[in-house]
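Here are the chains, one letter per residue:
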Amino acid sequence: MPGGYVGKVAFIDLTKKKVSVQPLNMEWARLYIGGKGVAARYLLEYLPPGVDPLSPENLFIVMTCPANGTFAPASPKYPVVTKSPLTGFWLDSHSGGAVGVELRYAGFDGIIVSGKAEEPTYIYINDGTIEFRSAKHLWGLKVSEARKAIKEELGDPQVKVMTIGPAGERLVRYAIVDSEGRQHGRGGAGAVMGSKNLKAIAVRGTGSVSVALPSEFERIVKEMEEKDIFRNPEAEFGIKWGSISLGWFTNEAGALPTLNFQTGHFDMYNGIDALAVAKVRVKRAACKQCPIGCHNWIFIPSGKYAGTLTEGPEYETSSLLGSNIGIGDIGALGKLNYLADELGLDTISLGGVLGWASELYERGIITQEDTGGLDLRFGNDDAYVILVEAIAYRKTPFTDLLAEGTRRACERLGRGSCRYAVHVKGLELPAYDPRAAPAMGLSYAVADRGGDHLRSWPIGPEVLGRYWLGAKPIPIERFSPENKAIIVVQQEHQYAAKFALGVCDFCCWDNERLSLLAWAVTGFEEFKDVRNFELAGERIVNLIRVFNVREGMSSKDDVLPPRIHEDPHTSGPTKGRVLPREWFEKMKKEYYELRGWDEQGRPTKETLKRVGVDEGVFKFMGW
Amino acid sequence: MAYKILVFDSGKCTGCERCVLACNYVKTNVYGTRDSRIRVFAWRDTGDFITTGCYHCDPAPCMEACGVDAIYRDPKTNAVVIDYRKCINCKACVYACPYGAITLGSEGKVIKCDLCGGDPACVKACNYGALRFEPPERVGLDFAFQYAAMVKVKADISKRVWSGIRPA
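Residues numbered from 1 in each chain as written. Chains lettered and ligands numbered in written order. Predicted model: local features only at pLDDT ≥ 70, side-chain atom pairs only at ≥ 80, totals over all residues.

Residues and elements named next belong to chain A. Relative to the assigned elements, Thr308 resides in the loop between β15 (295-299) and β16 (309-311). Thr308 sits 99 residues away from Val209 along the chain, and the two C-alpha atoms are 39 Å apart. Excluding anything up to four places from it in sequence, Thr308 contacts Ile300, Gly334, Lys335 and Tyr338. (Helix = DSSP H or I, 4+ residues; strand = E, 2+ residues; numbered from the N terminus. Contact = placed C-beta atoms within 7 Å.)

Structure below.
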């Protein structure tokens, strides 16, 4: 087995309670590196088209990446992959929790879970053996309680647990999967686990992994640490403050979603910014094998929420559960963050849903009759705290509605409320407002899992005004559609390949070094050339597009919510700005051309041949 | 007395386990946790991380428990190390160690920290200052300073207001 891979994938059928361990398809591993790339190929092959995401037929895949569990810096990230209950399309959701690494030590590259258990179950994977255990006594427990109970039951403190909270059990469509205190947040993977009656996956491994070229690997790791982490100003922000430091940048740029995306600048942001977090920070923490250590543990010492101890808030949380719902107090933000994590809700989507509900309330579209007596004004944290818990348990008809996510909720509610719903393909937008950074709009619209910031991040080059195309910088005009599609395309390649390798988005932006890392870990000679690494990224992007096209995606889905085009920002440095439709259409057209997709957003046969997907993919396009 | 001391400062530990990976790699050339001489226990619900390993006690219970004198003190590093030529793998040292610092490795032999012959890999892997290799005269200074800084905050000496810190 070449280094970097364990070589085994477990197919777990919950209905029949059967496990079949099969060798990893090395042809696919070579083409799609690992993680989301390989998982995409498995999902395409084994998931029948058009299944309901919350039905037993849907697959729940945990796939690790080649760099997981090695000494490569900031590389413990691994995805859960499934068909999203929120969007109905592709979903991969990464976290740096310790389960992925442990799964490799336990002797598996990945597990593919299908079917539905008769009663609440959890899976225990222990050094190559897989057993089903009853989770009746765990059903209903919050995330940290369930994790603790499983560790006590198995009698091993080093067991790593991946679990859902009450929200996942009740099929809230944006429920998370918690992996040792880090969250697979977006897209509702928790609801998929809940629909399978699968409470948790506990993993213990005492094995080991190795890399293909140890001495090269050591050299490259050293180089990455020196250049990408310790002497890199971008990484330094992560080391010093954590992701929350991004808020200073976006608030100044007018890209901070505020009051359900009505504006891009929040006046009370200094109550929840990185400095406010640092004041109540009690500890730093890190994902496995990471020298950056971006997690903040905060403890609220006084006020209404005194005694709250939680990890976070990350930048996205501070924006969506902070400025987007009018909260400018670190105590309230910490409490909401804590509740969302413990109950198992995605803080980004939750913030989008709450912001949407608050705007409807302020506009008089819904009243206290609908909300069950709650006063949902922006910034009313008492109401939000009650509401979050009620959403997770689907306590009232109103929270049952909110638990469906903004797209389904607005369609069911009617009353013109969809005008205020801010989502792409059903996934609520994260914390970079496209009106302040037009390319971000394109990035959201074409991202494989819906409105998401982790497929490309063009706001950086846009606001800085510089972008390096190869060795030479090209000028970037911030408020213009020119030269934007190329940034999104290239960044998508980088992110796809990097995530498939297992490297965190918070580290290492140099393709050459990433490519060499891939070469040293896997031993595949082609990665000595950086172009092949980028091509692998392009291959993964196209492969996932094939999956999405098969599930019915076309260019009419690659659109932005009307608010972005029609409602100008009401304050801040970007006051009066919208993202004009013509700009967006121009960028999108350019993007499709650069990608080699037709006008409907379908990859052409030539494109698929050029990027080199395996022959088996063509049948899914009907060729 | 030129030897240095391995200092565990768990208050700074972030739970990244790079020390564990480094230790395991130095001893076995693969990445894992089984053969690591150092361990990190994580409580992810409260953010607590505790690093444990060998403290190289003097007198060392493991050394006294060993019936065949296979454990000795390295004169160069002052580390307590196992002489595998004499070791009969009876595991008496495992039971004697009050800290659980001696375990069974993947090859079935008892294993323990030997300070890598005076240049510990775990310390080089730690970026957070949670593991340090310090000369004896330095040991304890950081902990004392941390305590002093805490008292300073409580007492608020900068404003010359004594808020009543008394011995417990």
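Back to the write-up after that little detour.
Here the focus is the domain arrangement of chain A. Residues and elements named next belong to chain A. For chain A, the assigned domains are domain 1 (8-204), domain 2 (242-425) and domain 3 (438-621). When each unit is reduced to the centre of its C-alpha atoms, the spacing between domain 1 and domain 3 is 27 Å. In this complex, domain 1 contributes 38 residues to the contact, which on the side of domain 3 involves 34 residues. Listing elements by their share of the side of domain 1 that touches domain 3, those giving two or more residues are α1 (26-32), α2 (35-46) and β5 (90-95). (Domains from an automatic or database assignment.)

At the interface, 21 residues of chain B touch 29 residues of chain A. Listing elements by their share of the side of chain B that touches chain A, those giving two or more residues are α1 (18-28) and β2 (31-32) of chain B. The greatest single-element share of the side of chain B that touches chain A, amounting to four residues, is contributed by α1 of chain B. Residues of the side of chain B that touches chain A, tallied by class, amount to eight nonpolar, eight polar and five charged. Two strands pair when backbone bridges link them, and strand β13 (residues 208-209) of chain A and β2 of chain B are joined in this way by two bridges, in the antiparallel orientation. Bridging from a neighbouring strand, Ser208 of chain A pairs with Gly32 of chain B of β2 of chain B. (Nonpolar A, V, L, I, M, F, W, Y, C, P; charged D, E, K, R; others polar. Pairing = 2+ DSSP bridges.)

Before going further, it helps to examine the environment of Pro430 of chain A. Residues and elements named next belong to chain A. You can see Pro430 is positioned in the loop between β18 (427-428) and α18 (438-446). For Pro430, a count of 24 C-beta atoms within 10 Å gives the class buried. Residues Pro430 and Leu454, spaced 24 residues apart in sequence, show a C-alpha to C-alpha distance of 9.6 Å. Not counting the four nearest positions on each side in its chain, Pro430 is found in contact with Glu316, Ile348, Gly451, Asp452 and His453. (Buried ≥ 20, exposed ≤ 12 C-beta atoms within 10 Å, placed from the backbone.)

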